[in-house]
Amino acid sequence: MPTEDQAAAYSAMLAYLRAVKAAGTIEGDKVVAEMKKSPIDDSLFGHVVVRADGRATHAMYVFKVKSPQQPKSRYDIYDLIETIPPEAAFRPLDQGGCPLVK
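Asker: So what's going on with helix α2 (residues 28-37)? Residues and values would help.
Answerer: For an α-helix the count is 3.6 residues per turn, leaving residues at separations of three or four pointing the same way. Those residues of α2 that fall on the buried side of the exposure criterion are Val31, Glu34 and Met35. What you see down the axis of α2 is that its buried residues fit within an arc of 100°, all on one side. α2 presents Asp29 and Lys37 as exposed residues on the side facing more than 90 degrees away from its buried surface. Elements in contact with the buried residues of α2: α1 (4-23), β1 (40-42) and β2 (46-50).

Written as structure tokens, this is what we have:
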């Protein structure tokens, strides 16, 4: 089973490679523009939007580790406690200080 970091790296690379294919080039500006065009539906992060400042925003989650008696399988170790929507989980676009955002 991959770690969260490994799964996130795979997810990000897959989104990038799909954007490369859609853009028909590996030129960074064109690939990033393609990624910003439409939301990404990701199996790990769910609905992802790449904002004008380049930040990928998505829901965040709060988990609790299960007690040793609770798991039903080897990797059943967390309980979802709360889902934080993207607008609450990430700094608002107009407060980021990015020179790309007017």
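Asker: Just give me the short version of the nonpolar core, but keep the residues and values in it.
Answerer: Judged by nonpolar contacts, Ala15, Ala19, Val20, Val31, Met35, Ile40, Val48 and Val50 together constitute the single largest core of 8 residues. Among the elements of the structure, α1, α2 and β2 are those that each provide at least two residues to this core. Sorting elements by how many residues they give to this core places α1 first, with 3 residues. In contact with Val20, not counting residues within four places along its chain, are Thr25, Ile26 and Val31.

Asker: Before we move on, can you summarise the packing of aromatic side chains with the specific residues and values?
Answerer: Summed over all chains, the structure comprises 2 aromatic pairs. Taking 5.7 Å as the distance between ring centres and 50° as the angle between the ring planes, the aromatic pair formed by Phe63 and Tyr78 counts as tilted. Taken together, the positions of Phe63 in strand β4 (residues 60-65) and Tyr78 in strand β5 (residues 78-84) put the pair 15 residues apart, joining distant regions of the chain. Taking the relative accessible area as the measure of exposure, Phe63 reaches 49% and is therefore partly exposed. Site record: aromatic cluster; members linked through ring pairs are Tyr61, Phe63 and Tyr78.

About the cut-offs
- Residues numbered from 1 in each chain as written.
- Predicted model: local features only at pLDDT ≥ 70, side-chain atom pairs only at ≥ 80, totals over all residues.
- Heavy atoms only, no water.
- Buried < 20%, exposed > 50% of the residue type's maximum accessible area, 1.4 Å probe, protein only.
- Helix = DSSP H or I, 4+ residues; strand = E, 2+ residues; numbered from the N terminus.
- Arc of directions from axis to C-beta.
- Contact = heavy atoms within 4.5 Å.
- Core = buried A, V, L, I, M, F, W, Y, C linked by side-chain atoms within 4.5 Å.
- Phe/Tyr/Trp six-rings, centres within 6.5 Å; stacked < 30°, edge-to-face > 60°.

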